[in-house]
Amino acid sequence: METKPKNEHLLALKVMRLTRPTLASPIVVTCDSTDLPGNTLNNELKNDCTALQGMETLTVGQFMVLPQSFGNIYLGEMFSSYLCVHNGSSQLVEDVTVKVDLQTSTQIIPLSGNSGEMKDLPPGGTVDEVIHHEVKEIGTHILVCEVTYTPMNLGATPQSFKKFYKLQVVKPLDVKTKFYNAESDEVYLEAQIQNLTAGPICLEKVSLESSHLFSVSTLNTNGKGESIYGSVNVLDTDCSRQYLYCLKPQLTLLKDPKMMHNATNIGKLDIVWRSNLGERGRLQTSQLQRMAPEYGDLRVTIKDISLKVYLEQSLTFNCRIMNTSERSMDLMLCLESSNSIAWCGISTTKIGTLKPGVSIDIPLCLIALHSGIIVNFVIFQTISGLKLEDIFLKRTYDYDDLAQIFVSQNN
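Residues numbered from 1 in each chain as written. Predicted model: local features only at pLDDT ≥ 70, side-chain atom pairs only at ≥ 80, totals over all residues. Heavy atoms only, no water.

**A look at the overall build of the protein**
As a reminder of what qualifies: Working definition: helices are DSSP H or I runs of at least four residues, strands are E runs of at least two. Numbering for both runs from the N terminus. For every residue, the accessible area (1.4 Å probe, protein chains only) is compared with the maximum for its type, and the residue is labelled buried under 20%, exposed over 50%, or partly exposed between those bounds. Where accessible areas are quoted, they stem from the Shrake-Rupley method and a 1.4 Å probe; at the residue level, only the protein chains shown are allowed to cover.
When its secondary structure is counted, the protein shows 3 helices and 32 strands. In the protein, which comprises 411 residues, the share counted as buried stands at 38%. Carbon and sulfur atoms form 52% of the exposed surface of the protein, whose accessible area is close to 23400 Å².

**Side note on the environment of P122**
Using the following cut-off: The criterion used for residue contact is that any of the two residues' heavy atoms lie within 4.5 Å.
Topologically, P122 is positioned in the loop between β8 (119-121) and β9 (126-134). Along the sequence, P122 and V93 sit 29 residues apart, while their C-alpha atoms lie 6.4 Å from each other. Ignoring sequence-local partners within four residues, the contact set of P122 consists of N87, Q91 and L92.

**Some thoughts on the sheet that holds strand β21 (residues 298-303)**
Test applied: DSSP-based pairing: two strands are paired if at least 2 bridges between them are found. Angles here are taken between N-to-C directions and fall from 0 to 180 degrees, while the axes themselves are lines fitted to C-alpha atoms, restricted in helices to the stretch in contact.
Spatial ordering of the open sheet is given by β21-β23-β27-β25, a layout of 4 strands whose pairing is antiparallel. Unpaired on one side and paired on the other, β21 and β25 (341-344) mark the two borders of the sheet. Recorded for the sheet is a direction-independent mean angle of 35° between the axes of neighbouring strands. Sheet topology note: the strand β23 (residues 314-323)/strand β27 (residues 359-368) ladder contains 9 bridges and is antiparallel. For C319, the partnering residue across the bridge sits in β27 and is I362.

**Digging into the pairing of strand β12 (residues 173-181)**
By the bridge criterion, 9 bridges tie β12 to strand β13 (residues 187-195) in an arrangement that is antiparallel. Opposite F179, over in β13, you have L189 as the bridge partner. The antiparallel pairing of β12 with β13 creates a hairpin that spans 5 residues between the two strands, and D185 there sits at a positive phi of about 75°.

Dropping the structure here:
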């Protein structure tokens with residue numbers, strides 16, 4: 001009968017990560033044919049054996065390289081591993097169990113599917129298992145593998161041993177967001193996505209899952225509904241893409257200014273990508289938060305206005321005044337003409353008492369006296385000269401940039 005040395009087990013455990021090979025990519029250095037190097041750099045790139053003919057500048061090679069190490073694990077990817085328990089002794093081993101746990105900084109996740117199943121291993125026999133887990137945390141992960149067995153000896157006691165494998169999970173993408181609060185209560189979200197992986201990826205899906213307070217529409221498509229980045233959106237290492245979304249508040253928010261001010265939850269970005277050999281990754285951001293706009297005591301917006309007006313002709317529209325304070329306000333409307341625009345009608349009008357959260361629409365009329373300023377070859381005029389006076393507190397609110405209109409000189 002074979003005798004095993006002290007501290008040596010009859011079984012051996014091997015753990016290997018299952019990952020696809022990578023592509024041997026060329027180093028892309030190009031220039032315009034009119035530059036000093038001419039076509040030298042371009043010809044060298046075309047002659048590179050790793051470059052893909054006809055697509056040399058995409059850093060996509062035509063040769064596969066087998067993984068030489070455990071490699072990087074990116075957040076949102078599927079971690080797959082192959083476990084093999086081998087009986088290298090000449091004895092029969094009974095009650096073999098394999099237990100695999102993935103330990104993170106916050107939790108312990110059981111991964112092995114046969115942790116409660118016992119098997120007998122003859123000499124030369126193996127127990128094989130493939131585990132899968134979608135990585136959802138950044139930082140150090142420890143794969144804990146425990147093997148328990150009983151030697152086929154009379155009165156033998158169960159034996160066990162553990163092995164630990166440290167994994168480092170890193171960010172695949174860097175997501176930066178900016179919010180823009182429009183006067184029409186719409187919220188615009190600009191999301192910048194940067195590829196932090198070691199190779200090019202294909203952004204398969206980038207969408208915004210809005211909260212129940214908003215409805216979302218994407219501004220990343222052309223008139224035909226096609227993506228502005230094309231059907232295959234390849235993003236090289238350290239390169240970025242910008243995405244823009246428009247969120248419109250629900251009607252319940254528009255009726256209550258307090259709810260609109262407290263509506264800071266926008267939604268979540270859902271990003272799906274694939275590596276150069278089709279490995280899928282998925283990343284969902286946490287709930288995006290915007291800074292609620294501050295309107296002060298009063299909020300003044302322009303409704304039903306035509307953005308195009310003819311010189312020295314009247315323009316009518318509605319001015320909506322909303323009391324966003326916590327108290328009732330007794331208001332007076334004052335209109336002051338200037339060299340650019342002239343208000344039509346009574347210059348001073350008493351609005352009356354406006355309770356908190358209540359709005360009122362007041363019809364107004366003006367005439368553009370001058371063309372205005374030229375911005376990007378378009379002549380704009382700014383509507384200004386509107387004042388609101390709180391009669392009780394003797395406080396005046398000035399509004400000198402209500403809207404911009406296009407002034408045309410030809411009828």
